[in-house]
Amino acid sequence: MSEQTDQPRPDVMEAWREWLTQTERQFNAFFNEAMNTEPFARSMGGYMEMTAAFQRTMAEGMQRYLTFMNMPSRTDVVDLGETLRSIEDRLSRIEEMLQIAAEAVDMAEDREAARREPTRTRTPAGYGTAEDAQEPAEHPQSEAVPQGLRR
Amino acid sequence: MSTQAKTPESLVGQVGREATRTIDRSRRSLDLLLGRHDPDVGTTPKETLFSKGTMKLYRFRPVTDDVYRVPLVFVMSLVSKSYILDLAPGQSFVEYLLKQGFDVYMIDWGYPRAEDHTLRLDDYVVDMMPRCLEIVRERTGQDDVSILGYCMGGVFGLMYAGAFPESGVRNLICVATPVDFDGMGLLRRWADPRWFDVDRMVDTYGNIPAEIMLRSLEMLRPLERPLSYLRLWDNLWDEEYVYNWRIRYKWVQDQIPFPGEAYRQFTKELMWGNKLIKGELELGGKRVDLKRISASVLNAVAEFDHISPYDATKALTSYVGSEDKQDLKVRGGHVSLIAGRSAVTRFWPTVNEWLSARSV
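Attention in this report is confined to the structure presented alongside it. Model, not experiment: these values are computed from the prediction.

### What about the overall build of chain A?
Point 1. The helix and strand tally for chain A stands at five helices and zero strands.
Point 2. Secondary structure elements of chain A, listed N to C terminal, follow the sequence α-α-α-α-α.
Point 3. Within chain A, the fraction of its 151 residues that count as buried is 21%.
Point 4. Looking at chain A as shown, the accessible area adds up to about 11,400 Å², and 59% of this sits on carbon and sulfur atoms.

Below is the structure:
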């Protein structure tokens, strides 16, 4: 931002910033209009189609090459990942069951943790009646509430 | 503008200032180029209560001795990383709400792996979300929960509350949440079923690559990125500006892949079919009926949101059955609605006020 001096003078940078903002707005509006047309959507769809076809051809070629070289392909790695995920899921379930078992025997550690838990009795400042919950506008901080929030 | 001549003093002062700024610019340019002093994000202390695959349920460590009775659960989007809600200290929405006395949890879907391409919306809404919320209920001993969803996280919140209306969702805060997908603007136009072959995309890529997601979103405002570099250059002397730019840039560029089957379903059922507001969406054999939602609903929308356009978000409250529902329209964009100076001074206090009165 420009700094104030004793003598006001033209601020070239400020004018440049303003120009930048206006240019961005106008260009974005122009591009948005151009891109919000059927021909653009069609050409974009065509481009995505072409990219996907290229990707698929590459993947198939690579798969053949890796098989020939006796190396694992991406599909093999993904399959391995899926196996690992199922193991992870099983571990999660075991972990859950252990947690339940630990809670059942009321472990000392859990009792300690429970003691550290905060109480759940907090109320907002000024809260007293049931109506308060329906009318946040009466809250002391209500100045911060934009007009649109108030019913 | 005035055209008065410069005084010698002001000229000397200006030269001195520019010299200082040039030194600062050089130093910060080096920081940026070398990746030095990369801002830490997502640093609010938390513990993992449950995980499944890449999904994690976090509980943030409370910072007050007394918290509101109803726990608050953030539900994240599949499109972006979760630390947008937990940026640096002083700019973290999570940290702010903890200080206000909320017991805060977060369902973070994580960075999908290649094998996650089979995950459908059903898996998120009818399998993982109920399990996570059950754990929160067990942990807190409370039947009620509040859900806050940002962007697609809000869609998940609506789907869950619509599929399980008796599940005890007390409050639902949807931030920049699209519901009317006919209003999705360019994204809807580009996904036109006549030209866009979603099956081929998903069958080819598995998960939709992060690069495609990022470029699609950047195309919505093609000049934003190059001009952001120009503005950065202009403000390189300003430590705070550069810090905030780096945090924001980090998040914007940190795009994640979209799980393939969920993307297929999202495109067909929501983008093409607009089934969420028609009451025709079924997940895991359960119909998602927004009219059965009875939770208090706050719909926060940004007037100049280019990702979830105002036309797609504005009518959310008209589709839910709740009696207590409110709209909050903010002058800003998709990110500035939830993070940044405007959010810190206006949006966060508003959410605090709305939610605290409904969390006792």
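### Regarding the packing of aromatic side chains
Point 1. One pass over the structure, following the stated rule, counts 19 aromatic pairs over all chains.
Point 2. Aromatic side chains B:Phe181 and B:Phe266 sit 5.5 Å apart centroid to centroid with 90° between the ring planes, which places their arrangement in the edge-to-face category. In this pair, B:Phe181 is assigned in the loop between strand S6 (169–175) and helix H5 (186–190) and B:Phe266 in helix H10 (residues 260–272), connecting sequence segments 85 residues apart. Each member of the pair B:Phe181 and B:Phe266 is classed as buried.
Point 3. One aromatic cluster is present, built from ring pairs that chain together B:Phe74, B:Phe93, B:Tyr96, B:Phe347 and B:Trp348.
Point 4. The ring of B:Tyr68 has A:Arg122 sitting right over it, with the charged end atom 5.7 Å from the ring centre.
Point 5. Positioned above the aromatic ring of B:Tyr58 is the side chain of B:Lys46, whose terminal nitrogen or guanidinium carbon lies 5.0 Å from the ring centre.

### Things to note about unusual backbone geometry
Point 1. Positioned with a positive phi, A:Asn70 is a non-glycine residue whose angle comes to about 60°.
Point 2. When you line up the elements, A:Asn70 lands in the loop between helix H2 (38–68) and helix H3 (74–104).
Point 3. The class for A:Asn70 is exposed, based on a relative accessible area of 70%.
Point 4. In the Ramachandran plot, B:Ala176 falls in the positive-phi region, its phi being about 50° despite a non-glycine side chain.
Point 5. The residue B:Ala176 is located in the loop between S6 and H5 in this model.
Point 6. Relative accessible area serves as the criterion here: at 0%, B:Ala176 is assigned to the buried category.

### Remarks on the interface of chain B and chain A
Point 1. Counting residues at the interface gives 80 residues for chain B, matched by 68 residues for chain A.
Point 2. Contact between chain B and chain A buries roughly 6,500 Å² in total, counting both sides, with carbon and sulfur atoms accounting for 53%.
Point 3. Viewed at the interface, chain A and chain B are joined by nine salt bridges.
Point 4. With a closest N to O distance of 4.0 Å, B:Arg139 and A:Glu117 form a salt bridge.
Point 5. The element best represented in the side of chain B that touches chain A is helix H14 (residues 341–356) of chain B, accounting for seven residues.
Point 6. Within the side of chain B that touches chain A, the residues separate by chemical class into 30 nonpolar, 20 polar and 30 charged.

Criteria and thresholds
Residues numbered from 1 in each chain as written. Chains lettered and ligands numbered in written order. Predicted model: local features only at pLDDT ≥ 70, side-chain atom pairs only at ≥ 80, totals over all residues. Heavy atoms only, no water. Helix = DSSP H or I, 4+ residues; strand = E, 2+ residues; numbered from the N terminus. Buried < 20%, exposed > 50% of the residue type's maximum accessible area, 1.4 Å probe, protein only. Areas by Shrake-Rupley, 256 points an atom, 1.4 Å probe, with all protein chains shown as cover. Phe/Tyr/Trp six-rings, centres within 6.5 Å; stacked < 30°, edge-to-face > 60°. Lys NZ or Arg CZ within 6 Å of the ring centre and 35° of its normal. Contact = heavy atoms within 4.5 Å. Buried area = accessible area lost by both parts, 1.4 Å probe. Salt bridge = Lys/Arg side-chain N within 4 Å of Asp/Glu carboxyl O. Nonpolar A, V, L, I, M, F, W, Y, C, P; charged D, E, K, R; others polar.

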